[in-house]
Amino acid sequence: MSSADVVAAAAGFVDRTLQNEGAWYRADDVEGRLGGGLTSYGSSVGAVRGTIRDALRKYKDFDHDDVVQLASALWRQPRPGSRAVYERRLAAIVLLQTKVALLRHSDLTRIEGFLRSAGTRELVDPLLADVVAPFLARLTGRDRQRASVVLARWRTDPDLQLRNAAAFLEPQPTAQAPPQGDIRERSL
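What you see is a predicted model, and the numbers here were worked out from it, not measured in a lab. (Residues numbered from 1 in each chain as written. Predicted model: local features only at pLDDT ≥ 70, side-chain atom pairs only at ≥ 80, totals over all residues. Heavy atoms only, no water.)

Q: Would you take a moment to explain the pattern of salt bridges for this structure?
A: A side chain of one charge can pair with a side chain of the opposite charge when the charged atoms of the two come close. Scanning the model with the defined rule gives 11 salt bridges in all. Where Arg153 meets Glu112, a salt bridge forms, and the shortest distance between an N and an O atom there is 2.7 Å. Residue Arg153 is located in helix H8 (residues 141-155), and its partner Glu112 is located in helix H6 (residues 108-117); the two are separated by 41 residues in the primary sequence. Ionic pairing is found between Asp143 and Arg146, a salt bridge with its closest N-O pair at 3.8 Å. Highlighted residues: Asp143 and Arg146, both in helix H8, separated by 3 residues, approximately one helical turn. (Salt bridge = Lys/Arg side-chain N within 4 Å of Asp/Glu carboxyl O. Helix = DSSP H or I, 4+ residues; strand = E, 2+ residues; numbered from the N terminus.)

Q: Could you clarify how one ought to interpret the packing of aromatic side chains in this entry?
A: Two aromatic rings, taken as a pair, are described by how far apart their centres are and by the angle between their planes. Scanning all chains against the criterion turns up 3 aromatic pairs. With a centroid separation of 6.0 Å and 90° between ring planes, the pair formed by Trp24 and Tyr25 is classed as edge-to-face. Note on Trp24: relative accessible area 67%, which makes it exposed. Under the relative-accessibility criterion, Tyr25 is labelled partly exposed at 48%. (Phe/Tyr/Trp six-rings, centres within 6.5 Å; stacked < 30°, edge-to-face > 60°. Buried < 20%, exposed > 50% of the residue type's maximum accessible area, 1.4 Å probe, protein only.)

Q: Please explain the side chain of Glu87 as it appears in this structure.
A: Mapped onto the fold, Glu87 is located in helix H5 (residues 86-98). Nearest to the buried, unbridged Glu87 among oppositely charged side chains is Arg26, at 6.7 Å. Here the side chain of Glu87 touches Ser40 through a polar contact of 2.6 Å, side chain to side chain. From its side chain, Glu87 meets the backbone nitrogen of Ser43 in a polar contact 3.4 Å long. With residues up to four places along the chain from it excluded, the contact list for Glu87 reads Leu18, Val30, Thr39, Ser40, Tyr41, Gly42, Ser43 and Val48. (Lys, Arg positive; Asp, Glu negative; His and termini not counted. Polar contact = N/O pair within 3.5 Å; in protein donor to acceptor, adjacent residues only side chain to side chain. Contact = heavy atoms within 4.5 Å.)

What follows is the structure, encoded as structure tokens:
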């Protein structure tokens, strides 16, 4: 079986499992909360996490390319003409979070596409906090420099989602010692 076949089989497994784990009342709640931009299977967050865990056990030895291809497959609509599914996108985020050590600086362009099309902060926030921030934290040398170029471009992008992402990912200033000198000069 080729790598593409394994990724397609894994995507099918995740999609079927999430549909089977869904409940109409959760789906209605999610779709109402998200304003109709995405559809929902009504799967719980625990079901999404468990489904990814099971998929990685069933389809072992995923390398970098397999992981990013599966994440992209899950991010897309399940069928042409259908709407994207919230739980599939959340599963893509959980997959990337689980395999963050495999990500490369060049994956920021794929993640940029995810950020642009996320459609809700409920996907953007975990993507930034649980995937991009830890991923960037481990980059060094030229890879970090290349990632910094992408983040600099995000800071000035017309897309508000990317500008917000760049602001979130900015290094936070470290606590500094208070200035020395006469206390009366610093207090009002």
